[in-house]
Amino acid sequence: MTARAARAAARPATLEFRAMNTDWWLSASGGVDLRQAEATVHEAETVLSRFRPDSALTVLNRDRESSHPWLAAVVQRGLELEGITLGAFDVRVGAALLAAGYDRTFEELAGRPPALPPTGVAVDGPLVTVEGERVRLAGPGLLDLGGIAKGWTVDLAAGLLAAAGADHYLVDGGGDIRGCGVGTDGTPWAVGVGDGLAVALDGAAVATSSTARRCWRNEDGAAHHVIDPRSGLPSRGGVRTATVVAADTATADALATAIVAQPRLGLAGLAALGADALLDQDDHWVMTPGMERWLK
Amino acid sequence: MAGTSERRTLVNLSVVTGSAVMLTASWLGIVRADTGGTTFEEVSTTQRVAAPYALTPWAAPTPPPAMAAAAAEAGTSLQAAPASAPRRVVVVRRSRAS
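Residues numbered from 1 in each chain as written. Chains lettered and ligands numbered in written order. Predicted model: local features only at pLDDT ≥ 70, side-chain atom pairs only at ≥ 80, totals over all residues.

### A few points about the nonpolar core
What counts here: By definition, a nonpolar core groups buried Ala, Val, Leu, Ile, Met, Phe, Trp, Tyr and Cys residues that are joined through C-beta atoms within 7 Å. A residue is called partly exposed when the number of other C-beta atoms within 10 Å of its own lies between 12 and 20, exposed at 12 or fewer, and buried at 20 or more, with C-beta atoms placed from the backbone. A pair of residues counts as a contact when their C-beta atoms, built from backbone coordinates, are separated by no more than 7 Å.
Of all hydrophobic cores here, the largest spans 101 residues; its most connected members are Leu71, Val206, Val244, Ile259 and Ala277 of chain A. Ignoring sequence-local partners within four residues, the contact set of Ile259 of chain A consists of Val239, Ala242, Gly266, Leu267, Leu270, Ala277 and Leu279 of chain A.

Right, dumping it as structure tokens:
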């Protein structure tokens, strides 16, 4: 390889595309083929989306049984995080989301009335069983992986880039971000969070959940996509936005959702996993003491 | 009629009190979910714990009793975030809700 080719290979390539109803941005060093990672993200969407009629998740909710290794992995991780957050994060909120009016993609939902009236029933979701690649549901209720699937897919794409030889990379799936190594300036990737702050991501991930996004109006007034599993209604816990830094993006994604849904329990889960958070709580920006080490 | 109403009230109060005590006890690890029970919360917890999904090496689907204390403390361990102005960092991307 010539010196010029070596320099070109070391220079990170970038790729932007749209998937999972959001914008994705990949950057990796080492001449890695980013298109393979993009294809994997699109494939993950066909498996994990609640809005695709042929996805493995849709099949599971309809037929109460579905087999796919990625679906099983995400559901299993969701169950684990449900236990760690004492139920503040719950993948069984699918029926409550439908009842709140989130019955189609947010792009389709904008400006339209919900198809179903809000009911506010408590989430008493199905018994979920994961055995190998097979996931089964018993009893009424639906699964929704919106609080973890995107983060999990970011981790999947990041793993592909690392396995392909990228020492430095950043995967941004609509704000769920995982970084490793350094950016073009030789310093750890700087990712903006909160009100004008930035975190340095080298071997870490960040995700944000907010009631200010994916919100709409239904018969009860304002609604949003973060369901409090205890009430079955959009959360009103006082945390408007939660940004979590964790070792992996799936965990950060789920913890951010949990903190908005049930702040006290979500923060307990955060502490148990050694993660940190920055919150917009009652219109004040606060953070866990350990967050300082991530700030750039 | 009045006696029936009072009995109903007493029964309702005992159910509510019992549920609260069982929920608190399960949080503190005094009562395990697999001992069975009659309240909604216990049934829900039993289902979660009983799910025979394969565990990854680090997984702990049943939270340790200390988490009840952590949950109580979590809300008070927050501190004010620093002002943004002194930190002039050029960011490559931004974490946002999507």
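### Some points on helix α7 (residues 149-163) of chain A
All names here are of chain A. Going by this rule: Per the convention used, a helix needs a DSSP run of H or I reaching at least four residues, while a strand needs a run of E reaching at least two, with both numbered from the N terminus. Multiplying one less than the number of residues by 1.5 Å gives the expected span of a helix.
Compared with the 21 Å implied by 1.5 Å per residue over 15 residues, the 21 Å span of α7 between its first and last C-alpha is a close match. Most of α7 sits inside the fold, with 12 of its 15 residues counted as buried. Taken as a whole, α7 has its buried residues at Ala149, Lys150, Gly151, Trp152, Thr153, Val154, Asp155, Leu156, Ala157, Ala158, Leu160 and Leu161.

### Some thoughts on the packing of helix α2 (residues 34-48) of chain A against α7 of chain A
Residue and element names in this part refer to chain A. Just so we agree on the cut-off: To get an axis, fit a line to the C-alpha atoms, keeping to the stretch in contact for a helix; angles then go from 0 to 180 degrees between the N-to-C directions. Our angle categories are set so that under 35 degrees counts as roughly parallel, over 145 as roughly antiparallel, 65 to 115 as roughly perpendicular, and the remainder as oblique. Note on convention: near helix rotated counterclockwise from far helix by under a right angle means a left-handed crossing. Clockwise means right-handed. Basically, the charged four are Asp, Glu, Lys and Arg, the nonpolar ten are Ala, Val, Leu, Ile, Met, Phe, Trp, Tyr, Cys and Pro, and anything else, Gly included, counts as polar.
Viewed as axis vectors pointing N to C, α2 and α7 meet at an angle of 150°, and their least axial separation amounts to 9 Å. Between α2 and α7, the angle falls in the class roughly antiparallel. Viewed along their axes, α2 and α7 form a crossing whose handedness is right-handed. Residues Gln36, Ala37, Thr40, Val41, Ala44 and Leu48 of α2 form the contact with α7, whose participating residues are Ala149, Thr153, Leu156, Ala157, Leu160 and Leu161. Residue composition of the contact of α2 with α7, by class: nine nonpolar, three polar and no charged.

### Notes on the confidence of the model for chain B
Cut-off, in case you're wondering: As a per-residue measure, pLDDT tells how confident the predictor is, with possible values from 0 to 100.
Per-residue confidence for chain B gives a mean pLDDT of 54; residues scoring 70 or more make up 18%. Across residues 28-63 of chain B, where pLDDT falls below 50, the model places 53 contacts with residues more than four positions away in sequence or in other chains.

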